[in-house]
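# Report on the structure
Read off the chains here:
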Amino acid sequence: MFYLKVLFYKVIMQVLKLAGKLVPQTQPFIFTGGYSSLALTKLIIDQDTKHVFIVTDAVLNKLGITKGVCNLLAEHQVKVTIYDQVTPDPSESVVNNGIALLRKQQCDLVLAIGGGSSIDAAKMIAVLAYSKQTIKGVAGLLKIRKEGLPLCVIPTTSGTGSEVTMAAVITDTENQSKSLVVSPKMMAMATALDPVLMQGMPAKITADTGFDALTHAIEAYLSKYANAQTDQFALTAIKLIFKQLPTCYHQGDDLAARQALALASCYAGLAFNKTNVGYVHAIAHQIGAKYHSPHGFTNAVVLPVVLDFYLKGSEERLADMAKAIGIDTNNLTSVQAAEQFILAIKELQAEVGIPKTLNCIEEKDIKSLAKSALKEAHYFYPVPKYLRPSQCEKMLTQLCTP
Ligand SMILES: [Fe+2]
């Protein structure tokens, strides 16, 4: 029975792969370097924009992170409305309240300044700004009918990669689940990876988001949709993250390391935008929706547990990643090199304060968490190897056992 189901999932993945080829592939213009957020702002001004709708969160707004951009826009008589009500794992009401304010102010461009939550909320606000569709109506693959407002993105964390992907995740608070929305209409027009805005990021958020980017790159490299281009993006991202994440964690004001980590996150985003992710995300999404544990942090803890499962069958790919981070694999078998790579991930976890287990998981929820994780993975993600429900439950038990 399980083998028949796996065959069915593989057929779905092939159909989605063919459908994906019909989707127009666009990519935002990417500005990099110190104060590149101002270069992006000049582009917004040159577009003859009249009224910018900035989507951010209250903490960043209070810290004055939007100030430089707002001052430059004001100098050029471009009006600004700031919507700073984005919360972690943004809900439908966060998006709907933003849309209502945007319509009232009649804005003509959306600019996200913040982490993954602000970017995802901004994507939804931009695409539904003047549309009759609802969030539930566009949840899933390619359901957005109309082009939205132009969207620009200034990420302040290095992890989500959302600045270069066509996906957004919105939390359905009623059902304690997350809705994935995927459409090329959500792709940003331009993005700025400005390390100056990232240097104040707390060490814990740096670690969590850095591991999110690492998970994107690893899941992209192990994906059945991987190709030569996504492989190159993924391996470059993995190499950069292993090198720069400890520096960014210990010396947050190192601008060169911040810039490199931002690029790594962007490369990982470009990779998984084409390959999608895998079981780490599928499991982490359910834990995040149920217990509100941060996305990057949850991925970080789940990652080595899923890689242990992938090891048999994906040893060659894991060995490639070992080589990419500088492990001398010359006298090792593929399995040994793969094991070294998983060990290096555990060492990186320890270096940046990521624990081995998640104490939020309750035993009574394990069955339903596993069921939802497998449902998400098997209908969306081209995983290299398929999990049985009992294996997924075992992983979740391992994750909550100190
Ligand atoms: Fe992620």
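Residues numbered from 1 in each chain as written. Predicted model: local features only at pLDDT ≥ 70, side-chain atom pairs only at ≥ 80, totals over all residues. Heavy atoms only, no water.

## Quick notes on the packing of helix H12 (residues 295–324) against helix H13 (residues 334–351)
Direction vectors running N to C along H12 and H13 enclose 145 degrees, while the axes themselves pass 7 Å from each other. Seen from above, H12 lies across H13 with right-handed handedness. A per-class count over the contact of H12 with H13 returns 16 nonpolar, two polar and five charged. (Axes fitted to C-alpha atoms, helices over the stretch in contact; angles between N-to-C directions. Helix = DSSP H or I, 4+ residues; strand = E, 2+ residues; numbered from the N terminus. Left-handed = near helix turned anticlockwise from the far one by under 90°. Nonpolar A, V, L, I, M, F, W, Y, C, P; charged D, E, K, R; others polar.)

## Quick notes on unusual backbone geometry
A positive phi angle, near 55 degrees, is found at Gln106, a position not held by glycine. Within the element layout of this structure, Gln106 appears in the loop between helix H5 (92–105) and strand S4 (109–114). Even without a glycine there, the phi angle at Leu142 is positive, about 55 degrees. Looking at the element boundaries, Leu142 is found in the loop between strand S5 (140–141) and strand S6 (151–155). For Leu142, a relative accessible area of 44% corresponds to the partly exposed category. (Buried < 20%, exposed > 50% of the residue type's maximum accessible area, 1.4 Å probe, protein only.)

## Regarding the coordination of the iron ion
Protein-derived ligands of the iron ion are Asp212 (OD), His216 (NE2), His281 (NE2) and His295 (NE2), with the metal-ligand distances lying across 2.2 Å. Coordination at the iron ion is irregular, judged from the four donor atoms that bind it and the angles of 86 to 171 degrees they form at the metal. Sequence positions of the donors to the iron ion reduce to the motif D-x3-H-x64-H-x13-H. Of this pair, His216 sits in helix H8 (residues 203–222) while His281 sits in helix H11 (residues 279–291), and the two are 65 residues apart along the sequence. By relative accessible area, His216 is classed as buried at 3%. (Donors = N, O, S within 2.8 Å, 3.2 Å for Na, K, Ca; no water. Tetrahedral: all angles 85-135°; square planar, octahedral: opposite > 155°, others 65-115°.)

## Some points on the sheet that holds S5
Read across the open sheet, the three strands follow the order S5-S8-S7; overall the sheet is mixed. Because the sheet does not close on itself, it has two edges, and the strands there are S5 and strand S7 (167–172). One ladder, built from six bridges, connects S7 with strand S8 (residues 177–182); its direction is antiparallel. If you follow Val169 over to S8, its bridge partner there is Leu180. (Pairing = 2+ DSSP bridges.)

## Brief notes about the domain arrangement of the protein
One can read the domain layout of the protein as domain 1 (24–197) and domain 2 (201–399). The centre of domain 1, based on its C-alpha atoms, is set 26 Å off from the matching centre of domain 2. Contact residues are listed per partner, giving 27 residues for domain 1 and 26 residues for domain 2. Ranking the residues of domain 1 by area buried against domain 2 places Ser158, Gln176 and Pro195 at the top, with a combined share of 25%. Where domain 1 meets domain 2, there are zero salt bridges. (Domains from an automatic or database assignment. Contact = heavy atoms within 4.5 Å. Buried area = accessible area lost by both parts, 1.4 Å probe. Salt bridge = Lys/Arg side-chain N within 4 Å of Asp/Glu carboxyl O.)

## A look at the pairing of S6
In the case of a regular strand, side chains alternate between the two sheet surfaces. Counting buried residues along S6, five of its five residues qualify, which places the element largely inside the surrounding structure. Residues Leu151, Val153 and Pro155 point to one face of S6 and Cys152 and Ile154 to the other, with burial holding for every one of them. In terms of strand pairing, S4 meets S6 through five bridges, oriented parallel. Each bridged residue has a counterpart across the sheet, and for Val110 the counterpart in S6 is Leu151. In terms of strand pairing, S6 meets strand S9 (residues 190–193) through two bridges, oriented parallel. Pairing of Cys152 across the sheet is with Ala190, part of S9.

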